[in-house]
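# Structure assessment
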Amino acid sequence: MDCIFCRIAAGQIPSTKIYEDETVVALADISPITPGHTLIIPKRHAENIHDIDPEILGRLHQAAAKVAAAIKRGLEPDGLVALQLNGRAAGQLVMHYHLHLVPRYEGDGVTAFDWTPQQGDPDEVQKTADKIVAALG
Ligand SMILES: [Zn+2]
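Right, let's walk through the structure included here.

## What about the overall build of the protein chain?
On a plain count of helices and strands, the protein chain comes out with 3 helices and 5 strands. By its C-alpha atoms, the protein chain is 50 × 40 × 25 Å across when sized along the principal axes. Sequence separation of at least 24 residues holds for 59% of the intrachain contacts in the protein chain that already meet a minimum separation of 6.

## What to know about the sheet that holds strand β1 (residues 17–20)
An order of β1-β2-β3-β5-β4 is seen for the 5 strands of this open sheet, with the pairing classed as antiparallel. Two strands in the sheet have a free side with no partner beyond their single neighbour: β1 and β4 (79–84). The mean inter-strand angle of the sheet, taken between neighbouring strand axes irrespective of direction, is 20°. With 5 bridges joining them, strand β2 (residues 24–28) and strand β3 (residues 38–42) adopt antiparallel strand pairing.

## Describing the nonpolar core
One finds A26, I40, I41, A64, V67 and L101 to be the most contacted residues of the largest nonpolar core, which totals 20 residues. Breaking this core down by element, the ones donating at least two residues are α1 (4–9), β2, β3, α2 (54–75) and β5 (99–104). With 6 residues, the single largest contributor to this core is α2. In contact with I41, not counting residues within four places along its chain, are F5, A9, V24, V25, H96, Y97 and H98.

## Topic: the pairing of β5
Both β3 and β5 contribute to a ladder of 3 bridges, which runs antiparallel. Residue T38 lies in a different strand from β5, and its bridge partner there is L101. Bridge count for β4 against β5 is 6 bridges, and the pairing is antiparallel. Paired with A82 across the two strands is L101, which belongs to β5.

## As for the environment of I49
By secondary structure assignment, the location of I49 is in the loop between β3 and α2. Taking C-alpha positions, I49 is 9.9 Å from H96, a pair spaced 47 residues apart along the chain. Sequence-distant contacts of I49, defined by excluding residues within four places in its chain, comprise Q84 and N86.

## Some remarks on unusual backbone geometry
Positive phi is not limited to glycine here, since E76 has a value of about 50°. On the secondary structure map, E76 appears in the loop between α2 and β4.

Quick notes on the rules
Residues numbered from 1 in each chain as written. Predicted model: local features only at pLDDT ≥ 70, side-chain atom pairs only at ≥ 80, totals over all residues. Helix = DSSP H or I, 4+ residues; strand = E, 2+ residues; numbered from the N terminus. Contact = placed C-beta atoms within 7 Å. Pairing = 2+ DSSP bridges. Axes fitted to C-alpha atoms, helices over the stretch in contact; angles between N-to-C directions. Core = buried A, V, L, I, M, F, W, Y, C linked by C-beta atoms within 7 Å. Buried ≥ 20, exposed ≤ 12 C-beta atoms within 10 Å, placed from the backbone.

Such coordinate-based values are descriptive only and should not be taken to indicate function.
Dropping the structure here:
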């Protein structure tokens, strides 16, 4: 297995573990966007949201809530971004599911998640929503 996150989860590569249970590992991102940037990964390999077992996804998010609460208590950030990328076009760099928890601080200068909301065409918004609803079945 040549997956860096599988090897981290198995303890074959050292990492700064923040939390671990039978299903997931939370570790400090080695290239933090802000102080406290944490990744939550499943121990069992899954590439993305389309691939991960929904049970594991649920447990991963329960763990993420725990870690987020600890970030809030421990670092007292002004806010927190939970971000998860799927596919290279979305900016996913490691092809093993990971949820980013990025504490945000007033004036931290991070612009990666900032965009200016612009009112969409309501008909287009509705049409697009209809396509998703139809696909839900
Ligand atoms: Zn993996």
